[in-house]
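Observations on chain architecture
Listed below, chain by chain, are the residues.
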Amino acid sequence: MISISNKKLDAWIKEVADMCQPDEVYLCDGTKEEYQKMLDIMVEAGLGTPLNPEKRPGCYLFRSHPSDVARAEKRTFIASKNKEDAGPTNNWIDPDELKKSMTELYTGCMKGRTMYVIPFSMGPIGSPISKIGVEITDSPYVVFNMYIMTRIGTAVLGALGEDGEFVKCLHSVGQPLGPGEVDKEWPCIPNVDEKYISHFPEERMIWSIGSGYGGNALLGKKCFALRIAGVQARDEGWLAEHMLILKLTNPKGESYYVCGAFPSACGKTNLAMLQPSFPGWKVETIGDDIAWMKFGEDGRLYAINPESGFFGVVPGTSMQSNPNAMTQIQKNTIFTNVGLTDDGDVWWEGSGIPAPDHLIDWKGNDWTPDSGTPAAHANARFTTPAAQCPVIAPEWEDPAGVPISAILVGGRRKTTIPLVNESVDWNHGIFLGSIMGSEITTADITDKVGQVRRDPFAMLPFMGYHMGDYLQHWLDIGKKTDACKLPRIYFVNWFRKNEEGKFIWPGYGENSRVLKWIVDRLSGDAEVVNTPIGNLPTLDGIDLNGINIGEAEMTELLKIDKEAWLAEIESIKENYKSYGDRLPKELAEELAKLEAKLA
Ligand code: OXD
Ligand code: MN
């Protein structure tokens, strides 16, 4: 058994090993050799395929079990001591009860396997904004993904020291092996209802079993960096948010840092590394999914990207939607659940590359364009180092973080919400963040198609506590500094449709035109129209040079449809009711103000 100078960690490893009964315990050092060794273990077991090194050097393909392809939201639990503290948007189980049933599942669950101990840092090691976690897992797939997505290994143990605090992240695929038995396929608990992704916020602890995929298993990401860190941030006065971070530089050479919260399927990763469509402007990436923000000594909010890799959705990634990602995933990238071509490359729907005549699909079956099934799973992913992003900002690992000037919030809305709307002050901005969301599509809940799922700050699936308390925390943050030092909040919507059901705004790289307007606002170079819902651009405010959008389209994109807004208000009221007496009074006031202005 290994021995570690941090007493709490040493004791926890022994406790977990006693419960899970692995054949071996292995402490990860975080070296490149170790990363390669973990990949080799999976390849030798027949569970992974190295891709053609001439086409994709250092790349691998893995296929998960068809039952284990996405975050299991129904099986994600917030086990706070009091049920009320988990709030109306979370699944709650009493923590003692949950520990009892999960202890039964964990007992002997690592038999026949190696237990890997992964010390990891969310954020640059040693940054005052970073935090340390330790993931214990029986999956080498988790080890090599954590190697890309976080900073792991010996250096983290050094930063932890003898008495440092860490978040306990326990993970098992839940498939013990009998003597001589080996995995014949991706190990997991196939019955979705037996998987658990559990959070114990008061103890800063995560227990996950039964899934080996994505956010269910790479516990640094959604489980720690959002759900548990969200609780830490509330208690310690900072923000742990589901936001991209980008840097925009105007032709004058002035740079601004912007965060953005978008629900899944809104093109967040694409926006994070967008190529501006006009000369003289530059976009660089700091992060594509998560931002941790703390006040600096100057009273401004500084953000770090706590991750060191991107775990992005592959289908739909193309030279049109994200040319930088296409370059980034050309090497040293892990692909999961895409098609494997006969020449050892990968292919997916929406790649902009013609489908080959034959490939092996994500389930491992022969596939042709006539198969009638997708070659790649809709939630197939790439795991790729952030440092490989062609437009990564040089300061992306600055331990001090970058000062944030603006925050974007948005969703997929075909009506009502204009292309861009600037909040008039902090509380109004938090109000806009609280009402954002996307229309429900057939992929979600079929009897609610077309209704809006409110997803405050895109945190609905990632909340570690009561949503009402979370919104109150945002409001309180605004009281901690001078109003002029706070980022300005912008509500954006790239997805407005015309009467024929066609998108009015071209999207993708053209979204940089809206970013340009926002920067012009920050530098005092753009005017606004004051409206009941907020500050909108003037009709000629957004640069339309070179795109096929005229005044008629712009009028539509910025239209305030009074009837639609009155209906919106009723729907917001309905949503706010669910927060009960934990709805912040400031938000009730903002809603009342809006209603009065529209009347
Ligand atoms: C993600 C998500 O996977 O937000 O990042 O769903
Ligand atoms: Mn995300």
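Residues numbered from 1 in each chain as written. Chains lettered and ligands numbered in written order. Predicted model: local features only at pLDDT ≥ 70, side-chain atom pairs only at ≥ 80, totals over all residues. Heavy atoms only, no water.

**Here's the deal with the overall build of the chain**
Counting its regular elements, the chain contains 16 helices and 30 strands. In terms of its C-alpha atoms, the chain occupies a principal-axis envelope of roughly 70 × 55 × 50 Å. When contacts within the chain are restricted to residue pairs at least 6 apart in sequence, those whose partners lie at least 24 apart make up 73%. Carbon and sulfur atoms make up 50% of the accessible area of the chain, which amounts to about 23200 Å² in all. Charge centroids of the chain, computed over 60 positive and 82 negative side chains, lie 3 Å from each other. (Helix = DSSP H or I, 4+ residues; strand = E, 2+ residues; numbered from the N terminus. Contact = heavy atoms within 4.5 Å. Areas by Shrake-Rupley, 256 points an atom, 1.4 Å probe, with all protein chains shown as cover. Lys, Arg positive; Asp, Glu negative; His and termini not counted. Charge placed at Lys NZ, Arg CZ, Asp CG, Glu CD.)

**What about the coordination of the manganese ion (ligand 2)?**
At 2.1 to 2.2 Å from the manganese ion (ligand 2) lie its protein donor atoms, namely Lys 222 (NZ), His 242 (NE2) and Asp 289 (OD). Site description for the manganese ion (ligand 2): donor spacing in sequence, K-x19-H-x46-D. Note that Lys 222 is positioned in helix 8 (residues 220-236) and His 242 in the loop between strand 11 (239-241) and strand 12 (243-249), a separation of 20 residues in sequence. As far as the burial class goes, Lys 222 and His 242 line up, both buried. (Donors = N, O, S within 2.8 Å, 3.2 Å for Na, K, Ca; no water. Buried < 20%, exposed > 50% of the residue type's maximum accessible area, 1.4 Å probe, protein only.)

**So, the sheet that holds strand 23 (residues 381-385)**
Read across the open sheet, the five strands follow the order 2-3-18-23-17; overall the sheet is mixed. Since the sheet does not close on itself, it has two edges, and those belong to strand 2 (48-50) and strand 17 (309-313), each with one partner. Neighbour-to-neighbour, the strand axes of this sheet turn through a mean angle of 20 degrees, independent of strand direction. Pairing of strand 18 (residues 334-336) with strand 23 involves three bridges; the strand directions are antiparallel. Bridge pairing in strand 23 links Ile 334 to Thr 383. Along the sheet, helix 2 (residues 32-44) contacts strand 2, strand 3 (60-62) and strand 18; its crossing angle with strand 3, the most-contacted strand, is approximately 50 degrees. (Pairing = 2+ DSSP bridges. Axes fitted to C-alpha atoms, helices over the stretch in contact; angles between N-to-C directions.)

**Side note on the nonpolar core**
In terms of nonpolar packing, the biggest core is built from 156 residues, with Trp 292, Phe 335, Trp 474 and Trp 505 touching the most fellow members. Looking at which element gives the most residues to this core, the answer is helix 8, with eight residues. Discounting residues that sit within four places of it in the chain, Trp 505 has contacts with Leu 419, Trp 494, Arg 496, Glu 510, Asn 511, Arg 513, Val 514, Ile 542, Leu 544, Ile 547, Ile 549 and Leu 557. In this structure, Met 110, Ile 132, Leu 157 and Met 205 belong to the second largest nonpolar core, which totals 32 residues. (Core = buried A, V, L, I, M, F, W, Y, C linked by side-chain atoms within 4.5 Å.)

**Brief notes about the pattern of salt bridges**
Tallying each qualifying case throughout the model produces 38 salt bridges. With a closest N to O distance of 2.9 Å, Asp 10 and Lys 14 form a salt bridge. Remark: Lys 14 and Asp 10 occur in helix 1 (residues 7-20); sequence separation between them is four residues, near one turn of the helix. The exposure class assigned to Asp 10 is buried, which follows from its relative accessible area of 15%. Here Glu 568 and Arg 454 are joined by a salt bridge, their closest N and O atoms 2.8 Å apart. You can see Glu 568 sitting in helix 15 (residues 562-577) and its partner Arg 454 sitting in strand 27 (residues 452-454), a full 114 residues away along the chain. An identical accessibility class is assigned to Glu 568 and Arg 454; each is buried. Among the charged side chains, a salt-bridge network with shared partners connects Lys 221, Lys 222, Lys 268, Asp 289 and Glu 307. (Salt bridge = Lys/Arg side-chain N within 4 Å of Asp/Glu carboxyl O.)

**Considerations on the pairing of strand 15 (residues 291-295)**
The pairing of strand 11 with strand 15 spans three bridges and is antiparallel. Each bridged residue has a counterpart across the sheet, and for Leu 239 the counterpart in strand 15 is Met 293. Where strand 15 meets strand 16 (residues 301-304), four bridges bridge the pair, whose relative direction is antiparallel. Looking across to strand 16, one finds that Met 293 is bridged to Ala 303.

**Notes on the side chain of Thr 249**
Examined against the element boundaries, Thr 249 turns out to sit in strand 12. A distance of 2.9 Å separates a polar atom in the side chain of Thr 249 from a polar atom in the side chain of Ser 255. Filtering out sequence-adjacent residues up to four positions away, Thr 249 remains in contact with Glu 254, Ser 255, Gly 280, Trp 281, Lys 282 and Glu 284. (Polar contact = N/O pair within 3.5 Å; in protein donor to acceptor, adjacent residues only side chain to side chain.)

**Some remarks on helix 8**
For helix 8, with 17 residues, the first-to-last C-alpha span of 19 Å runs short of the 24 Å given by 1.5 Å per residue. Of all the bends in helix 8, the greatest, near 45 degrees, is centred on Ala 229. A large share of helix 8 lies buried, amounting to 14 of its 17 residues. Following helix 8 by one or two positions, Gly 237 has its phi on the positive side, about 80 degrees. (Expected span 1.5 Å × (residues − 1). Bend = angle between axes of the 7 residues up to and from the residue.)

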